[in-house]
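Topology and contacts: notes
As a plain string of letters, each chain reads:
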Amino acid sequence: MNSRPVPFDELDRKIITALMANARTSFAEIGAAIGLSSTAVKRRVDRLRETGVITGFTATVRPSALGWRTEAYVEVYCEGAAPPRRLAEVVRNHPEITAAMTVTGGADALLHVRARDVEHFEEVLERIRTEPFIRKTISVMVLSHLLPESPEAGATQAAPGSTPDGAADVR
């Protein structure tokens, strides 16, 4: 597998910084800020998308506005060695899981869960625990976000039960 780095310069960094701050910023606005025409910015954005540097554009949504007021991180401990592929299949069956990753340390995986309330979270946790290879879970409830502007403080994808298309296109 060849993993050669994609050509990436300071103008690309400035474009990405502008899009990360506001994905709806126009190519003309970005161009004016960095000294390029809107056409040149578009060409660079297209290249960055084609090479996988930019993977998409999303809307950040305050989860509580959609009724998701409870948030927790769940450590998952498996019987034996559960392959990441199997864990991925399981987490896809639970729309309340907004992020999941395998981790080092005692736990096998860490899940980020959003729910309507504590009762809903408990129901989600019970569903997760019914998987035959899951030995135990340890949950930590989020009380507040110390960095409210961070992606973790808002949804980077549509919350469960909301409309599936939260993507914003850049023009």
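Check the entry above for the structure.
Everything numeric here is computed off the predicted structure, so don't read it as measured data.

How each quantity is defined
Residues numbered from 1 in each chain as written. Predicted model: local features only at pLDDT ≥ 70, side-chain atom pairs only at ≥ 80, totals over all residues. Heavy atoms only, no water. Helix = DSSP H or I, 4+ residues; strand = E, 2+ residues; numbered from the N terminus. Contact = heavy atoms within 4.5 Å. Areas by Shrake-Rupley, 256 points an atom, 1.4 Å probe, with all protein chains shown as cover. Buried < 20%, exposed > 50% of the residue type's maximum accessible area, 1.4 Å probe, protein only. Polar contact = N/O pair within 3.5 Å; in protein donor to acceptor, adjacent residues only side chain to side chain. Pairing = 2+ DSSP bridges. Axes fitted to C-alpha atoms, helices over the stretch in contact; angles between N-to-C directions. Expected span 1.5 Å × (residues − 1). Core = buried A, V, L, I, M, F, W, Y, C linked by side-chain atoms within 4.5 Å. 1 Å grid on protein atoms, 1.4 Å probe; cavity = no way out; pocket = protein on both sides within 12 Å on 5 of 7 lines; lining within 4 Å. Points joined across faces, edges and corners; volume = space filled by probe spheres on them. Nonpolar A, V, L, I, M, F, W, Y, C, P; charged D, E, K, R; others polar. Salt bridge = Lys/Arg side-chain N within 4 Å of Asp/Glu carboxyl O. Phe/Tyr/Trp six-rings, centres within 6.5 Å; stacked < 30°, edge-to-face > 60°. Lys NZ or Arg CZ within 6 Å of the ring centre and 35° of its normal.

Moving on, we get to the overall build of the chain. A tally of helices and strands in the chain yields five helices and four strands. Sequence separation of 24 or more characterises 70% of the internal contacts of the chain that already satisfy a separation of 6 or more. Approximately 10,900 Å² of the chain is accessible, and the part contributed by carbon and sulfur atoms is 53%.

This paragraph deals with the environment of V90. With respect to the element layout, V90 can be found in helix α4 (residues 84-92). Taking C-alpha positions, V90 is 8.0 Å from I128, a pair spaced 38 residues apart along the chain. Those residues in contact with V90, other than ones at most four positions away along the chain, are E131 and F133.

Glancing now at the side chain of E71. Along the chain, E71 turns up in strand β1 (residues 70-78). Taking the relative accessible area as the measure of exposure, E71 reaches 8% and is therefore buried. A polar side-chain atom of E71 sits 2.6 Å from a polar atom in the side chain of H112. For E71, the contacting residues outside a window of four places in its chain are H112, V113, R114, V140, M141, V142, H145 and E152.

So, on to the sheet that holds strand β3 (residues 109-115). Strand pairing in a sheet takes place through backbone hydrogen bonds and is either antiparallel or parallel in direction. Spatial strand order, β2-β3-β1-β4: four strands in an open sheet with antiparallel pairing. Where the open sheet ends on each side, the last strands, each with one partner, are β2 (97-102) and β4 (134-141). Going from strand to strand, the sheet's axes swing by 20° on average, the running direction of each strand aside. As judged from the seven bridges shared by β1 and β3, these two strands associate in the antiparallel manner. By the bridge assignment for β3, V74 is matched with L111. Across the sheet, α4 lies against β1, β2 and β3, angled at about 170° from β2, the strand it touches most.

Attention now moves to helix α3 (residues 38-50). For α3, which comprises 13 residues, the first-to-last C-alpha distance of 18 Å matches the rise-based estimate of 18 Å (1.5 Å per residue) to within 8%. Count one or two residues on from α3 and you reach G52, which has phi positive near 85°.

Before going further, it helps to examine the nonpolar core. Counting residues in hydrophobic clusters, the biggest one holds 19 residues, and the most contacted among them are V74, V76, L111, V113, F121 and F133. Residues within four places of V74 in sequence aside, it is in contact with A109, L110, L111, V113, F121, L125, T137, I138 and S139. Counting residues in each nonpolar core, the second largest holds 12 residues, with I15, V41, I54 and F57 among its members.

Its boundaries defined by the atoms lining it, the largest pocket holds a volume of some 520 Å³. Along the wall of the largest pocket there are 21 residues; nearest its centre are L19, M20, A23, T58 and T60. Here the residues of the lining of the largest pocket are counted per class, giving 11 nonpolar, eight polar and two charged.

Our next topic: the pattern of salt bridges. In the structure shown here, the tally under the stated rule is 10 salt bridges. Of the charged contacts, one joins E131 and R86 as a salt bridge, the two residues approaching to 3.4 Å between their closest N and O atoms. Taken together, the positions of E131 in the loop between α5 (118-129) and β4 and R86 in helix α4 put the pair 45 residues apart, joining distant regions of the chain. In the salt-bridge network here, residues are joined through shared partners; they are D9, D12, R44 and R47.

Okay, the packing of aromatic side chains next. By convention here, two paired aromatic rings are described through the distance between centres and the angle between planes. Per the stated rule, a full pass over the model turns up zero aromatic pairs. Over the ring of Y77 we find K136; its NZ or CZ atom is 4.7 Å from the centre of that ring.

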